[in-house]
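Reading the structure
Below, each chain spelled out in residue letters.
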Amino acid sequence: MKRSHISIFALCLAALLCLTACGGTARESEPNDPHTGQVEVFNGSREVWITPQEGVPVNTLKSDDFTVDETGRPVYIGDEYEAVYGIDVSYCQQDVDWQQVKDSGIDFAILRIGARGYGKETGNIIEDDYFEANYAAAKAAGVKLGVYFFSQAISEEEAVEEADFVLSMLRGKDLQLPVYFDWEHISYDEARTNDINGETITDACIAFCERIKEGGFEPGVYMYAGMAYYEYDLSRLTDYDFWCASIGDYPYFYYAHTVWQYSFTGLVPGIATDCDLNIMFIKK
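With that settled, the discussion passes to the overall build of the protein. The number of helices and strands found in the protein is six helices and 13 strands. Split into buried and exposed, the 284 residues of the protein put 45% on the buried side. Sequence-distant contacts in the protein: of pairs separated by 6 or more residues, those separated by 24 or more amount to 64%.

With that settled, the discussion passes to unusual backbone geometry. A positive phi angle, near 55°, is found at Gln 94, a position not held by glycine. Since its relative accessible area comes to 46%, Gln 94 is described here as partly exposed.

For the coordinates displayed, the defined rule picks out 13 salt bridges. Measuring nitrogen to oxygen at the nearest pair gives 3.2 Å for the salt bridge that ties Lys 173 to Glu 132. Of this pair, Lys 173 sits in the loop between helix H4 (156-169) and strand S9 (179-183) while Glu 132 sits in helix H3 (residues 131-140); the two residues are 41 residues apart in sequence, bridging distant segments of the chain. Using a relative accessible area of 17% as the deciding quantity, one classes Lys 173 as buried. The exposure class of Glu 132 is partly exposed, given its relative accessible area of 35%. By sharing partners, the salt bridges in this structure join Arg 116, Glu 158, Glu 161, Glu 162 and Arg 192 into a single network.

Considered for burial, the residues of H3 that qualify are Phe 131, Asn 134, Tyr 135 and Ala 138. The buried residues of H3 occupy one face: seen down the axis, they fall within an arc of 100°. Close packing links the buried residues of H3 with strand S5 (81-89), helix H2 (98-103), strand S6 (108-116), strand S8 (144-151) and H4. Once H3 ends, the next one or two residues include Gly 142, with phi positive near 85°.

Before going further, it helps to examine the pairing of S8. When you tally the buried positions in S8, you get seven out of eight residues, the bulk of the element. The sheet contact formed by S6 and S8 spans seven bridges and is parallel. Its bridge partner lying in S8, Ile 110 is registered against Gly 146. For the crossover from S8 across H4 to S9, the handedness is right-handed.

All right, on to the nonpolar core then. A general trend in soluble globular proteins is that nonpolar side chains are found buried together. Formed by 71 residues in total, the largest nonpolar core has its most connected members in Ile 87, Trp 98, Phe 208, Met 223 and Tyr 232. Setting aside residues no more than four positions away along its own chain, Trp 98 makes contact with Ile 87, Val 89, Ala 109, Leu 111, Asn 134, Ala 137, Ala 138, Ala 141 and Val 143.

Estimates place the volume of the largest pocket at around 840 Å³. Around the largest pocket, the lining comprises 38 residues; the ones closest to its centre are Phe 150, Asp 182, Glu 184, Tyr 222 and Asp 276. Sorting the residues of the lining of the largest pocket by element identifies S5, S6, S8, helix H6 (225-230), strand S11 (241-245), strand S12 (259-266) and strand S13 (275-283) as the ones contributing at least two each. For the lining of the largest pocket, the leading source of residues is S6, giving three residues. Here the residues of the lining of the largest pocket sort into 22 nonpolar, nine polar and seven charged.

Attention now moves to the packing of aromatic side chains. For the structure on display, the rule yields 23 aromatic pairs. Seen from their ring centres, Phe 131 and Tyr 135 are 6.1 Å apart, and the 40° between their planes marks the pair as tilted. In this pair, Phe 131 and Tyr 135 are both assigned in helix H3, four residues apart and thus about one turn of the helix distant. With respect to burial, Phe 131 and Tyr 135 carry one shared label: buried. Relative to Trp 243, the ring of Tyr 222 has its centre 4.7 Å away and its plane inclined at 70°; by these criteria the two rings are edge-to-face. Linking Tyr 222 in strand S10 (residues 219-223) with Trp 243 in strand S11, this pair joins segments that are 21 residues apart in sequence. Taking the relative accessible area as the measure of exposure, Tyr 222 reaches 7% and is therefore buried. In this structure Trp 243 comes out as buried when scored by relative accessible area, which is 2%. A connected cluster of aromatic rings, assembled from ring pairs, spans Phe 66, Tyr 76, Tyr 81, Trp 260, Tyr 262 and Phe 281. If you follow Arg 73 out to its NZ or CZ, it ends over the ring of Tyr 85, 3.8 Å from the centre. The aromatic ring of Tyr 81 is capped on one face by Lys 283, whose charged end is 5.2 Å from the ring centroid.

Cut-offs applied
- Counting starts from 1 at the beginning of each chain's written sequence and moves along it residue by residue.
- pLDDT decides what is reported in this predicted model: residues at 70 or higher carry local features, side-chain atom pairs at 80 or more are listed and counted, and totals for whole chains, interfaces and linings draw on all residues regardless.
- The side-chain quantities take in all heavy atoms of the structure and omit both hydrogens and water.
- Helix numbering and strand numbering both begin at the N terminus, where a helix is a DSSP run of H or I of at least 4 residues and a strand a DSSP run of E of at least 2.
- Residue burial is assigned from relative accessible area. The probe radius is 1.4 Å, only protein chains are included, and a residue is buried under 20% of its type maximum, exposed over 50%, and partly exposed in between.
- Any two residues whose heavy atoms approach within 4.5 Å are treated as being in contact.
- Just to be clear on terms, a salt bridge is a Lys or Arg side-chain nitrogen sitting within 4 Å of an Asp or Glu carboxyl oxygen.
- The reported arc concerns the directions from the helix axis to the C-beta atoms and nothing else.
- A strand pair is defined by DSSP finding two or more bridges across the two strands.
- Clockwise travel from the first strand over the helix to the second, with the strands pointing away from the viewer, marks a crossover as right-handed.
- Take the buried residues of types Ala, Val, Leu, Ile, Met, Phe, Trp, Tyr and Cys, join any two whose side-chain atoms come within 4.5 Å, and each joined set is a nonpolar core.
- The rule is simple: put a 1 Å grid over the protein atoms alone, call a set of points where a 1.4 Å probe fits but cannot get out a cavity, call an open set with protein on both sides within 12 Å along at least five of seven lines a pocket, and count a residue as lining if it has an atom within 4 Å of a point.
- Grid points are joined across faces, edges and corners, and a volume is the space filled by probe spheres set on the points.
- Amino acids are sorted into nonpolar (Ala, Val, Leu, Ile, Met, Phe, Trp, Tyr, Cys and Pro), charged (Asp, Glu, Lys and Arg) and polar (every other residue, Gly among them).
- Aromatic pairing here means that ring centres of Phe, Tyr or Trp (its six-membered ring) are within 6.5 Å. Orientation follows from the plane angle: under 30 degrees is stacked, over 60 is edge-to-face, and everything else is tilted.
- Only Lys NZ and Arg CZ are tested; either one counts as a charge over a ring when it is within 6 Å of the ring centre and within 35 degrees of the ring normal.

Right, here's the structure in full:
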């Protein structure tokens, strides 16, 4: 009788061990989490998963660091940075009363200096029609200045050509802020850049920025989420200043950046049309 009890116990124990072992094997063979090593970020319209790029500093600004004033403008309330307000403008804003802009609390401006066309047969470099007037009047009003070039370079050689154009336009001028490389995909038309890949864009960006540096100016890179998360190899661009767009009440852009573009539809005294609004974070 005792042997029977022992035998039954032994059989039950063996069965339990077998089930446990089989269960463990099943769990180990389950598919891995597809988001292992990724982070979930807001891209301006929805949450998406991205794989963080190694060696690229992460944005430490959080929503708790910001409030909104009575005009709807985001206000930095943290104590790590000094936050100053700025705009970026091009020919789209046409004539600007820069003294009114300055008196309204705008401390800096990033001016479009030129662009390369995106047409299949052209790709010509053009000067922004309002750059010279904007530069002279903004400087006279005491607004700190940087510039950006809208690139459609498809090679390092074209990027260097763009940088040389910018340097020729800046001859005899001084800037307090960087010269930004602004490469964007054309989504609303056929473009000569349709088939370009992220590695080529990154190579072009570096070629542009290094040429700007050789010319005695600080280089920077403008980017929006799609370019940063899926195109640029940011690990190769960390020597340059980042100006990033994340439209909203706080800078939710994943990577660290000096200038935050928070609106495309700002209204500023002295400007008759909408313009882009920015905040620059200066380490205390």
